[in-house]
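# Working through the structure, step by step
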Amino acid sequence: MPKEKLAIVKIGGNIIEDDSLLKSFLHIFSGLEGKKILVHGGGKRATSVASKLGIESKMVNGRRITDAETLEVITMVYGGLVNKNIVAKLQALNIDAIGLTGADANTIYSEKRPVKDIDYGFVGDVKKVNHQSVDKLIQAGFTPVFCAITHDGHGQLLNTNADTITSQLAVGMSRIYETTIYYCFELNGVLKDINDKDSVIKHINSASYSTLLKEGIIAEGMLPKLENCFDALKNGVETINLGNTSMLTKENDNFTRITL
Ligand SMILES: Nc1ncnc2c1ncn2[C@@H]1O[C@H](COP(=O)(O)OP(=O)(O)O)[C@@H](O)[C@H]1O
Ligand SMILES: CC(=O)N[C@@H](CCC(=O)OP(=O)(O)O)C(=O)O
């Protein structure tokens, strides 16, 4: 029997920080047919709240150095402020959303990133997705809304990049569902020329990916979205799509699709 489809949709700071982009995203997401999960970041908000508290933010290779103070900020911002506002807005759109960190129902277990050249502090690398627990929520009619926090099973919360949570969650859920990832952001897709919004690369495979990396076209915010994409595709994820919110509608086919 073919597996049922599951859409795993991710939004980050570029959509969360823009009221009108967030509103139109949530409207379209709420109308998306079939089973779905939302993952959100919020790094920009964490940086601005931290700065109001006099805490400087440091990012290395797209990851936040998370000391004990910063962990408190991100827990409040991702797990509270951002997550609960999104859940409330989805409830207003008649989506029975349930907000989660990876500690809730032990859904995402991670291990503190080992210190090599850099000490990232309380940053977690995902080790296990409890697909059965997530599916219990889906089967009960809830739409899970994950923030960028996981746990180590010993009482420690860990900051985990939301793009990575998305790909790992998709790999885990693909044991029972045919999963598709949608990375929604403010641009139309992966652009050949970052200054030309119409230069969307419509299809990327592993050969063209290597070239794009070498040419530096895949850079900055694109790196965590794409660094594990071929692992995810080899481990059961069907397709990875990147583009603006309208790619969730059937009318727009101007976005980037990544396949093996
Ligand atoms: N080739 C590229 N095409 C599109 N965006 C790119 C590219 N290279 C780097 N980027 C950057 O990636 C950003 C999206 O990633 P990110 O900032 O992590 O978004 P979000 O947090 O909203 O998911 C874009 O705003 C853009 O600045
Ligand atoms: C470890 C790590 O870097 N975690 C990220 C989690 C938030 C995130 O990924 O937010 P965006 O998707 O909006 O960038 C951070 O604290 O910035």
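None of the values given here were measured: they were computed from a predicted structure.

### So, the UniProt feature "site: Transition state stabilizer" (unreviewed entry) in the protein
Under the present numbering, the feature "site: Transition state stabilizer" (unreviewed entry) in UniProt falls on Lys-10 and Lys-225. These annotated residues cover 216 residues of sequence, but their C-alpha atoms sit close together, with the largest distance between any two at 9.8 Å. One can find Lys-10 in strand E1 (residues 4-11). Ignoring sequence-local partners within four residues, the contact set of Lys-10 consists of Val-39, Ala-162, Asp-163, Thr-166, Tyr-182, Tyr-183 and Cys-184. Each residue touching Lys-225, except ones within four places of it in the same chain, is listed here: Asp-163, Tyr-183 and Leu-242.

### What to know about the site of ligand 1
Taken together, 16 residues surround ligand 1, and among them Gly-12, Asn-14, Leu-191, Gly-221 and Met-222 come closest. The dominant element in the shell around ligand 1, judged by the number of residues it contributes, is helix H1 (residues 13-16), at three residues. Residue composition of the shell around ligand 1, by class: ten nonpolar, five polar and one charged.

### Points about the nonpolar core
Ranked by internal contacts, the top residues of the largest apolar core, which has 66 residues, are Ile-8 and Leu-169. Considering each element in turn, this core owes the most residues, seven residues, to helix H4 (residues 68-92). Apart from the residues lying within four places of it in its own chain, the contact partners of Leu-169 are Ile-8, Ile-37, Val-39, Ile-108, Val-129 and Phe-146.

### As for the site of ligand 2
Around ligand 2 sit 15 residues in total, of which Gly-12, Gly-13, Gly-41, Gly-43 and Ala-162 are the nearest. Of all the elements in the fold, those that place two or more residues in the shell around ligand 2 are helix H3 (43-52) and strand E4 (63-64).

### What about unusual backbone geometry?
In this model, Asn-61 sits at a positive phi of 50°, which is unusual for a non-glycine residue. You can see Asn-61 is positioned in the loop between strand E3 (59-60) and E4. Judged by the 10 C-beta atoms lying within 10 Å of it, Asn-61 falls in the exposed class. A positive phi angle, close to 45°, is found at Glu-220, a residue other than glycine. By secondary structure assignment, the location of Glu-220 is in the loop between helix H7 (206-214) and helix H8 (222-226).

### With respect to the UniProt feature "binding site: substrate" (unreviewed entry) in the protein
Under the UniProt annotation, "binding site: substrate" (unreviewed entry) lies at Gly-42, Gly-43, Arg-64 and Asn-159. A stretch of 118 residues holds the annotated residues, and the largest C-alpha distance among them is 11.8 Å, short enough that they meet in one place. Here Gly-43 lies in helix H3. Leave out the neighbours within four places in its chain, and Gly-43 touches Gly-12, Gly-13 and Arg-64. Position of Arg-64 relative to the elements: it lies in strand E4. Residue classification places Arg-64 among the buried positions, given that 24 C-beta atoms sit within 10 Å. Ignoring sequence-local partners within four residues, the contact set of Arg-64 consists of Gly-43, Ser-57, Met-59, Thr-70 and Asn-159.

What counts, and at which threshold
- Residues numbered from 1 in each chain as written.
- Chains lettered and ligands numbered in written order.
- Predicted model: local features only at pLDDT ≥ 70, side-chain atom pairs only at ≥ 80, totals over all residues.
- UniProt positions renumbered as here; feature names shortened; annotations may be inferred.
- Helix = DSSP H or I, 4+ residues; strand = E, 2+ residues; numbered from the N terminus.
- Contact = placed C-beta atoms within 7 Å.
- Near = placed C-beta within 6 Å.
- Nonpolar A, V, L, I, M, F, W, Y, C, P; charged D, E, K, R; others polar.
- Core = buried A, V, L, I, M, F, W, Y, C linked by C-beta atoms within 7 Å.
- Buried ≥ 20, exposed ≤ 12 C-beta atoms within 10 Å, placed from the backbone.

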